[in-house]
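Observations on the three-dimensional arrangement
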Amino acid sequence: MNKNIALNEYLDISPEVVHALADNRPVVALESTIISHGMPYPLNRETALQVEQCIREKGAVPATIAIIGGRIKVGLSHDEIEFLAKERDQVIKVSRRDLPFVIAAGKHGATTVASTMIIAEMAGIAVFATGGIGGVHRGAERSFDISADLQELAMTNVAVVCAGAKSILDLGLTVEYLETHGVPLVGYRTEKLPAFFCRSSPFPVSVRLDDPQQIAHAMSVKWRSGLKGGIVVANPIPEPFAMAEERINSAIEQAVHEAENQGIVGKESTPFLLARVTEITGGESLQANIELVFNNAKLAAEIAIAYQEINKTS
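The rules behind these values
- Residues numbered from 1 in each chain as written.
- Predicted model: local features only at pLDDT ≥ 70, side-chain atom pairs only at ≥ 80, totals over all residues.
- Heavy atoms only, no water.
- Core = buried A, V, L, I, M, F, W, Y, C linked by side-chain atoms within 4.5 Å.
- Buried < 20%, exposed > 50% of the residue type's maximum accessible area, 1.4 Å probe, protein only.
- Helix = DSSP H or I, 4+ residues; strand = E, 2+ residues; numbered from the N terminus.
- Contact = heavy atoms within 4.5 Å.
- Axes fitted to C-alpha atoms, helices over the stretch in contact; angles between N-to-C directions.
- Parallel < 35°, antiparallel > 145°, perpendicular 65-115°, else oblique.
- Nonpolar A, V, L, I, M, F, W, Y, C, P; charged D, E, K, R; others polar.
- Salt bridge = Lys/Arg side-chain N within 4 Å of Asp/Glu carboxyl O.
- Phe/Tyr/Trp six-rings, centres within 6.5 Å; stacked < 30°, edge-to-face > 60°.
- Pairing = 2+ DSSP bridges.
- Expected span 1.5 Å × (residues − 1).
- Arc of directions from axis to C-beta.
- Polar contact = N/O pair within 3.5 Å; in protein donor to acceptor, adjacent residues only side chain to side chain.

This part covers the nonpolar core. Note that soluble globular proteins tend to have their nonpolar side chains buried in a common cluster. Counting 99 residues, the largest nonpolar core has V17, V74, I125, I133, L153 and M219 as its most contacted members. With 14 residues, the single largest contributor to this core is helix α14 (residues 284-313). Once you skip the residues sitting within four places of it in the chain, I125 turns out to touch V17, L21, V27, V28, A29, A63, V74, A120 and V158. Core analysis: the next-biggest nonpolar cluster, separate from the first, contains 10 residues, A48, L76, L84 and V91 among them.

And the structure:
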């Protein structure tokens, strides 16, 4: 078990996750922003529970992460998931910079990719499943709007399984940022970066790997050799749920234009853009979002199982 578990006075790990870590069983971290800020109620609650079930069915243990009453929670109860889903106005979107203040004030927080990575590493969890990572926002050459997710990936030892970067972003600049900061961008059975709602984009990944064992082995080699930082595992959305590129790009461009006109920036921009894209596409993008999260959770569980097997035999 990671030594930080005993040292961090703000951390509450559920008994199920504690036992799994102690027994060297596979655990997959899950974020909570998707619950409080990504979907409407009760779909958010149902999706969160189904994602956990996807991980269990693969043979791993889910660990949804959030801040409840100023306590860092790793592994949520059904009642805590219900609270995050229903009482969204009481839940703050929490990234790295927000963590100490939300904890100190005893407030509730839904964790982003960045803060989920921090807490996962703190608890000794190596694999994390999400929808899509944040990145460089469109127009960042003027706004300097770059997600804290990218900096976290450069320094925190967690593998993040996602459907690429959210397609509301500037994918080309996001790939360049990851390359500059030495973050491996692994394409799972693809040589092109998935574009969240779409299976591909014009931008290449840094390496293609075709099975979870290869990915787990690369994780082990990277961290055992002292190379700090995360790994992005880009897993394309299943083909039946992928959206037509023209349709989704048109919706995104309209949503970005509206956000600019309304002065919506920073951590409020992603929830706004995703909500508007859902409205513009008549709910099609929301269903695609749900399906890609399920798909990522299943792959993350397979990687976690393979990674634990490596740890057991080494």
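Picking up after the structure, the text goes on.
Moving on to the packing of helix α7 (residues 113-123) against helix α9 (residues 148-155). Across the interface, α7 lies against α9 with an axial gap of 8 Å and an inter-helix angle of 25°. Classified by the angle between their axes, α7 and α9 sit roughly parallel to one another. The segment α7 lies against α9, with V113, A114, M117 and I118 engaging A148, D149, E152 and L153. When grouped by side-chain class, the residues that make up the contact of α7 with α9 number six nonpolar, no polar and two charged.

Taken as a whole, this structure holds 15 salt bridges when the rule is applied. Taking the shortest distance from any N to any O, the salt bridge between D12 and R71 comes out at 2.7 Å. Note that D12 is positioned in strand β1 (residues 11-13) and R71 in strand β4 (residues 71-74), a separation of 59 residues in sequence. When its relative accessible area of 24% is taken as the criterion, D12 is described as partly exposed. Classification of R71 as partly exposed rests on a relative accessible area of 27%.

Across all of its chains, the model carries two aromatic pairs by this definition. Both rings, one in F196 and one in F197, keep their centres 4.7 Å apart while their planes meet at 75°; by these two values the pair is edge-to-face. Among the residues examined, F196 registers a relative accessible area of 1% and is labelled buried.

Pairing analysis gives three bridges linking β1 to β4, with the strands arranged parallel. Counted as the bridge partner of L11 is I72 from β4. Pairing analysis gives four bridges linking strand β3 (residues 61-68) to β4, with the strands arranged antiparallel. Pairing of I67 across the sheet is with I72, part of β4. Counting the residues that bridge the hairpin from β3 to β4 gives two residues, and of these G69 lies at a positive phi of roughly 55°.

For strand β5 (residues 91-94) and strand β6 (residues 108-111), the ladder comprises four bridges, and the chain directions are parallel. Bridging from a neighbouring strand, K93 pairs with A110 of β6.

Compared with the 18 Å implied by 1.5 Å per residue over 13 residues, the 18 Å span of helix α11 (residues 212-224) between its first and last C-alpha is a close match. Of the residues making up α11, those classed as buried are P212, I215, A216, M219, S220, K222 and W223. The buried residues of α11 occupy an angular sector of 165° when the element is viewed end-on, so they sit on one face. Capping the start of α11 is the job of one residue whose side-chain oxygen sits 3.0 Å from the backbone nitrogen of Q213: D211. Looking one or two residues beyond α11, the residue adopting positive phi is G226, at roughly 90°.

What is shown is where atoms sit, not what they do.
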